[in-house]
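Architecture at a glance
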Amino acid sequence: MARRKKLYEGKAKILYEGPEPGTLVQYFKDDATAFNAEKRDVIEGKGVLNNRLSEFFMDGLSAIGVPTHFIRRLNMREQLVRSVEIIPLEVIVRNRAAGSLCKRLGIPEGEALPRPIVEFCFKNDDLGDPLVSEEHIIAFGWASQQDLDDMVSLALRVNDFMSGVMLAVGIRLVDFKIEIGRVWEGDFQRLVVADEISPDSCRLWDIRTGEKLDKDVFRQDLGNLADAYTEVARRLGVLPNNTTQMTKPHLIN
Ligand code: UDP
């Protein structure tokens, strides 16, 4: 394939110029980082699994009318996405207490929250992605009040969808992070779910055993990260097409 122009390289993905205007190619790397990249490793196969899982979740969201940047998967590690203007906020939804919420408020890990809680963090690695309020977001012009309302409603729809999909395979969606982008259609803008949805950006616990099946396995040295992600993919019926991992038999017409 001809060399494409690299537009951006992040911790887990690379963005290349897409084949048509308004598109990008999103490449999933095997790199894992945590604690603002203080801990890092290469986990063979992680990029392939996240490419598949993100495709699965984005396709499902589209099917229920939640707009996303995803167009189609191109190969094992790449997907074609719409180019969007990323809003510089991490949108976090929490169903149970975990991670920074426990540290900040002294709530025991795993405690059910009275309702899903939506939080915003300012995307800035140098500052460690600090939690910000709606006041900060509007005052500093990162998003308008209308955008905020739309972001909360998108995030809660993603939460309902993801919680249901996970519950069906015996996994509790504890919390997750999404990124949201603006797409311009003439003079109008629309907000869409962008970036990725994968076990890198969710907390997923086995409902029966409480086993962690997400990036905390890497953060907390709990075992092999690729095995945990493979288990999520296996339960969802999403596995890379290769000779060693057959999914289900197909009828030949
Ligand atoms: N998260 C993420 N990227 C970040 C920060 C958080 O994907 O830069 C996800 C994280 O995996 C978890 C949720 O957002 O599912 C809430 O994370 P939390 O605020 O508890 O931060 P953490 O303790 O993971 O740093």
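What you see is a predicted model; the values in this text were computed from it and never measured.

To continue, consider unusual backbone geometry. One non-glycine residue, Asp195, lies in the positive phi region at around 60°. Along the polypeptide, Asp195 turns up in the loop between strand S13 (188-194) and strand S14 (202-206). By relative accessible area, Asp195 is classed as buried at 14%. The phi angle at Asp221 is positive, at roughly 50°, despite the residue not being glycine. With respect to the helices, strands and loops of the structure, Asp221 is situated in the loop between helix H5 (216-219) and helix H6 (225-236).

Overall, the coordinates contain 27 salt bridges when judged by the stated rule. Between Arg94 and Asp175 there is a salt bridge, with the nearest N and O atoms lying 3.4 Å from each other. Taken together, the residues span a long stretch of sequence, with Arg94 in strand S9 (residues 89-96) and Asp175 in strand S12 (residues 171-185) at a distance of 81 residues. In this structure, the salt-bridge partner of Asp175 is Arg203, at a minimum N-O distance of 2.9 Å. In this pair, Asp175 is assigned in strand S12 and Arg203 in strand S14, connecting sequence segments 28 residues apart. We note that Asp175, like Arg203, is buried. A network of salt bridges, in which partner residues are shared, links Arg94, Arg104, Glu119, Asp175, Arg203, Asp216 and Arg219.

For the rest of this paragraph, the subject is the packing of aromatic side chains. Across all of its chains, the model carries three aromatic pairs by this definition. Between Phe122 and Trp142 the ring centres are 4.2 Å apart and the planes differ by 10°, which places this aromatic pair in the stacked class. In this pair, Phe122 is assigned in strand S10 (residues 112-122) and Trp142 in the loop between helix H3 (134-139) and helix H4 (145-167), connecting sequence segments 20 residues apart. Per residue, the accessibility class of Phe122 equals that of Trp142, and both read buried. Each ring, one from Phe140 and one from Trp142, has its centre 5.3 Å from the other, and the planes form 40°; the classification is tilted. In this structure Phe140 comes out as exposed when scored by relative accessible area, which is 54%. With a relative accessible area of 18%, Trp142 lands in the buried category. Positioned above the aromatic ring of Tyr16, the side-chain terminus of Arg4 is 4.4 Å from the ring centre.

So, on to the pairing of S14. On any regular strand, side chains alternate: one points to one face of the sheet, the next to the other face. Summarising burial for S14: five of the five residues are buried, a large majority. Of the two faces of S14, the one holding Cys202, Leu204 and Asp206 and the one holding Arg203 and Trp205 are both buried throughout. In this structure, S12 lies alongside S14, joined through five bridges in antiparallel fashion. In the strand pairing of S14, Phe176 is matched with Cys202.

Right, let's get into the packing of helix H1 (residues 46-63) against H6. Packed helix pairs are characterised by how far apart their axes lie and by the angle those axes make with each other. In contact at an axis separation of 10 Å, H1 and H6 are set at 30° when each is read in the N-to-C sense. It follows from the interaxial angle that H1 and H6 lie roughly parallel. The two elements H1 and H6 meet at a crossing, and its hand is left-handed. Across the interface between the two elements, Lys46, Leu49, Asn50, Leu53, Phe56 and Phe57 from H1 touch Leu225, Ala226, Tyr229, Thr230, Val232, Ala233 and Leu236 from H6. Here the contact of H1 with H6 is built from residues that sort into 10 nonpolar, two polar and one charged.

All right, on to the site of the ligand then. Around the ligand sit 15 residues in total, of which Arg94, Ser100, Asp175, Arg203 and Arg219 are the nearest. Contact distances for the ligand include 3.2 Å between an oxygen atom and a side-chain N or O atom of Glu90. Separating an oxygen atom of the ligand from a side-chain N or O atom of Asp175 is a distance of 2.6 Å. Summarising the interface, the protein chains cover 78% of the accessible area of the ligand, which totals 500 Å² for the free molecule. Among the secondary structure elements, those contributing two or more residues to the shell around the ligand are S9, helix H2 (99-105), S12 and S14.

About the cut-offs
- Residues numbered from 1 in each chain as written.
- Predicted model: local features only at pLDDT ≥ 70, side-chain atom pairs only at ≥ 80, totals over all residues.
- Heavy atoms only, no water.
- Helix = DSSP H or I, 4+ residues; strand = E, 2+ residues; numbered from the N terminus.
- Buried < 20%, exposed > 50% of the residue type's maximum accessible area, 1.4 Å probe, protein only.
- Salt bridge = Lys/Arg side-chain N within 4 Å of Asp/Glu carboxyl O.
- Phe/Tyr/Trp six-rings, centres within 6.5 Å; stacked < 30°, edge-to-face > 60°.
- Lys NZ or Arg CZ within 6 Å of the ring centre and 35° of its normal.
- Pairing = 2+ DSSP bridges.
- Axes fitted to C-alpha atoms, helices over the stretch in contact; angles between N-to-C directions.
- Parallel < 35°, antiparallel > 145°, perpendicular 65-115°, else oblique.
- Left-handed = near helix turned anticlockwise from the far one by under 90°.
- Contact = heavy atoms within 4.5 Å.
- Nonpolar A, V, L, I, M, F, W, Y, C, P; charged D, E, K, R; others polar.
- Near = heavy atom within 4 Å.
- Polar contact = N/O pair within 3.5 Å; in protein donor to acceptor, adjacent residues only side chain to side chain.
- Areas by Shrake-Rupley, 256 points an atom, 1.4 Å probe, with all protein chains shown as cover.

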